[in-house]
Each structure stands twice: as structure tokens, then as C-alpha cells.
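This is what each chain is made of:
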Amino acid sequence: MADINVAQAVAQDDLVIPLIDFSAFLSGTPAQKQQTAQAVLNGFQTAGFIYLSNHPIPASTIASVFANSAKFFARPQEQKDALSWYSPEANRGYSGHGREKVSLPDEDKGQVEKLRAVPDLKESLEIGREGEAGMPNMWPPVEGDDDAKAFKEVMLSFHDTCKDLHMQLMRAIALGMGIDEAWFDGFTDGGDNTLRLLHYPGVPKSVFQRDDGQLQVRAGEHSDYGSLTLLFQDERGGLQVRSPKGTFVNATPIPGTIVINAGDLLARWSNDTIKSTKHRVVEPPPKVDISDAETYPPRYSVAYFCNPNFERVIEALPGTYEEAGKKYEGIRSGEYLVKRLTATY
């Protein structure tokens, strides 16, 4: 029996993030599929993060998403402001520099207010499932604007593509846990997910020399809210993952891979047998000498936040509570996520 291809993408300070060849799950033998599923589950149980190679999303598709994202953020500020994020229930629209400040679920009100005094250095656009009543996506007007029309087409297609990968990953988790492979399908087929385009603008070096808590941090320490997050990094990177020793370890971009992490709701769903690991985004060291430049260059990333269907009740998964008992009461997915988003904006 041929072994599957699993390597170490990150290994530092007791944090080991595996690099998993997903083709063995999608098209391998039954034994290889089972091995891959177990590797995916183990990665989420031990590190909370995995890198996925040989996934089904073409490099050309990802390149098109990044190119169209950059064009969007290059639009005049007044055009972007007209598309503003409007409610935690919808979680759609544009957020300007410093509007959002990520927080942690165990932080008290005083800690959150302190975080808000040092806003994250980024702007973003959230795109949800199209056609949801009363919760429109905020698109640039397409009339007479070919770039806007292409932007909408590319992003809606990518939203669906990532939804399909989310379902495959949850099938891998189910198989790894020893439950029916299709167990999560009825929780993930609605596509109640969020595609987030991120732009970290060029920033004067002086910003990172201030003694106010930024310390080269573009997005502060946080955990994600939902089930899984698919992260597509540019070549500059900047993602750091908190290790068991409390240090932040670089999750350096590896060409052709997607970084995937488990979120708080999946940890709760698994009765805390899966980890939702805290992470942050920092200003990465430049690949070229910029000692004479006045600013750090901009960078882009794309995150796809996966969630269980909003109407489904989330409670401990089979096999996770029979001995230790259920740690959490059941909660409706949408209710949980709205509460978390309300604390963020």
C-alpha cells in the first residue's frame, strides 16, 4: 500500500503544521483516502492548521481573484465607501482602514476597548452567498464598467469553488473521525460562507516605530469564528500562528498551497477535540532591500470563511462526548456567528 504524501510545512516551538497532498483524498485508493482524511483531522487536532497541496483550485483561478481584488481596492475611496459593510447579520460590504478590530472570545469589555484604540491596518470587502433576501452583496455598479462586471463574475464563481472545497474538507474530517463521510453535507450545502478580500496598504515606516502596540502588526491576535478558513496568501506572507509555547511562528507561503485553519465553532462542535488556534498578521520582512524607502509595500490576501448552514443547530459531534460529556449547549450556527461579529465592529 502506497503511503500518502505528508510533510512538515512548519515545525518550530512545538508547533507542527502538516503539508498534505489532497489529491490522495480526491482520487486515491480507498486506503489513501482514509490516510489523507486522518492526516487532515490530526492536523486540526494538534495544530489547528494545515497546508493543502494538489487541491482542486487552479492557480490561474487564484491569480484572477488576486488581480481583480487589487483593481477593486485601487478604486477611489468614495466608490468603496458607498459599498460599506452594513450589519453583522448580513456580513457583507466594504470596511475601511481601521474599522474592524479583531478580538478573542474570552476577552472582557476592557480588553476589547483597549484593542479598539489600536485598529488593524487593513481594508476589506466581504462577499456572501448571492441572492439572500434582505442581505445583498455590495457590488460596484456594473453599468458601463467592464472591470466591475468581471469582478462580480470572478468573485461569485470563486465563492462557489471554495464552497465545494469546504464540503470536501468536512468529508475528510468526517472520515477521519470514523463517522459517515457525508455526515456534514447537510450542514455545509447551503453555502453560508464569506469570501473576504483583504488589502494591507503601503504604510509609512514611522507607523511601526510608534510605542502604541502596533509593533508591525497588521491584524492583531485572534481566532476565527466559523468551521474552517481557507487562506490564500500572496508571496509576501505575514501570517503568524501561536505555538504551544506562546510564541508566534511564521506560516510562510508555499507556492501552490492553501493554508487552512479550524475556527471556534468547529472546535465547539468537536467538543474541543479540534483546536482553533490563535494567529495574527504582521508586516513581513521585505524580500528586497527597502532601507531607503519611506514605506512598507502593500500586500493582499484572500480568506474564505466557512460556516455551517445558519439554520442548523451545532452540538457535540458523535464520538466526542460519550466519555467526557458535552462541554457546550447546542446553538444555532447563525446566532453564534452574529454574536461574534457584533463584538468585532
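What counts, and where the lines are drawn
Residues numbered from 1 in each chain as written. Predicted model: local features only at pLDDT ≥ 70, side-chain atom pairs only at ≥ 80, totals over all residues. Heavy atoms only, no water. UniProt positions renumbered as here; feature names shortened; annotations may be inferred. Axes fitted to C-alpha atoms, helices over the stretch in contact; angles between N-to-C directions. Helix = DSSP H or I, 4+ residues; strand = E, 2+ residues; numbered from the N terminus. Parallel < 35°, antiparallel > 145°, perpendicular 65-115°, else oblique. Contact = heavy atoms within 4.5 Å. Nonpolar A, V, L, I, M, F, W, Y, C, P; charged D, E, K, R; others polar. Buried < 20%, exposed > 50% of the residue type's maximum accessible area, 1.4 Å probe, protein only. Pairing = 2+ DSSP bridges. Core = buried A, V, L, I, M, F, W, Y, C linked by side-chain atoms within 4.5 Å.

As recorded in an unreviewed UniProt entry, the protein goes by Clavaminate synthase-like protein and comes from Karstenula rhodostoma CBS 690.94. UniProt, in its Sequence similarities (unreviewed entry) section for the protein, records the words "Belongs to the iron/ascorbate-dependent oxidoreductase family."

Taken N-terminus to C-terminus, the directions of helix α2 (residues 30-46) and helix α6 (residues 146-177) make an angle of 95 degrees; their axes are 7 Å apart at the nearest point. By the criterion of interaxial angle, the relationship of α2 to α6 is roughly perpendicular. The segment α2 lies against α6, with K33, Q34, A37, Q38, V40, L41 and F44 engaging A172, I173, L175, G176 and M177. Classifying every residue of the contact of α2 with α6 gives 8 nonpolar, 3 polar and 1 charged.

The next point concerns the environment of G325. Mapped onto the fold, G325 is located in the loop between β16 (313-314) and β17 (331-332). Note: C-alpha distance between G325 and N271 (54 residues apart in sequence) is 8.7 Å.

Right, let's get into the pairing of strand β2 (residues 15-21). Taken across its 7 residues, β2 has 6 buried, putting it largely inside the fold. The pairing of strand β1 (residues 6-12) with β2 spans 6 bridges and is antiparallel. Its bridge partner being in β2, Q12 is matched across the sheet by L15.

Note on soluble globular proteins: their nonpolar side chains tend to be buried together. Counting 59 residues, the largest nonpolar core has I173, L197, L228, L230 and F232 as the members making the most contacts within it. It is α6 that provides the largest number of residues to this core, a total of 11 residues. The residues touching L197, leaving out its near neighbours within four places in the chain, are V65, S69, F73, E123, S124, L125, I127, F151, M155, S301 and V302. Core analysis: the next-biggest nonpolar cluster, separate from the first, contains 14 residues, I17, L19, L231 and V249 among them.

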